[in-house]
Amino acid sequence: MTKEYFDKIEDFLSDLNNFMNNAKNCIEKINIISKINELVFWLQMYQDNYFSNKEE
């Protein structure tokens, strides 16, 4: 896995999040947005850890 791969996933999730923010409010929307935010958080944590350990 490369940094570009992670960047593409984060871009996709960001686009999905923007789409969901423009959608009608509902419980499913709130659940999806919260999961997107959680996924982005863990992707960033993994990416930081993975690439910092690889550089050492």
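Residues numbered from 1 in each chain as written. Predicted model: local features only at pLDDT ≥ 70, side-chain atom pairs only at ≥ 80, totals over all residues. Heavy atoms only, no water.

Peer 1: If you had to explain the overall build of the chain to someone new, which residues and values would you point to?
Peer 2: Counting secondary structure elements, the chain contains two helices and zero strands. In terms of C-alpha radius of gyration, the chain reaches 14 Å, well past the compact-globule figure of 10 Å for 56 residues. Dimensions of the chain, computed from the C-alpha atoms along their principal axes, are close to 45 × 15 × 10 Å. Burial analysis of the chain (56 residues in total) assigns 21% to the buried set. Considering only contacts within the chain whose residues lie at least 6 apart along the sequence, 63% involve residues at least 24 apart. On the chain, roughly 4,600 Å² of surface is accessible, and the fraction owed to carbon and sulfur atoms is 58%. Side chains of the chain give 6 positive and 10 negative charges; the mean places of these two sets differ by 8 Å. (Helix = DSSP H or I, 4+ residues; strand = E, 2+ residues; numbered from the N terminus. Rg over C-alpha atoms; globule rule 2.2 N^0.38 Å. Buried < 20%, exposed > 50% of the residue type's maximum accessible area, 1.4 Å probe, protein only. Contact = heavy atoms within 4.5 Å. Areas by Shrake-Rupley, 256 points an atom, 1.4 Å probe, with all protein chains shown as cover. Lys, Arg positive; Asp, Glu negative; His and termini not counted. Charge placed at Lys NZ, Arg CZ, Asp CG, Glu CD.)

Peer 1: I'd like to hear about helix 1 (residues 3-21), residue by residue, with values.
Peer 2: Its 19 residues place the ends of helix 1 27 Å apart at the C-alpha level, agreeing with the 27 Å of an ideal helix rising 1.5 Å per residue. Taken residue by residue, helix 1 has Phe6, Glu10, Leu13, Asn17 and Met20 as its buried positions. On an axial view of helix 1, the arc spanned by its buried residues comes to 80 degrees, and they lie on one face. What points out from helix 1, more than 90 degrees from its buried face, is the exposed set Glu4, Lys8, Phe12, Asp15 and Phe19. (Expected span 1.5 Å × (residues − 1). Arc of directions from axis to C-beta.)

Geometric values such as these leave the question of function open.
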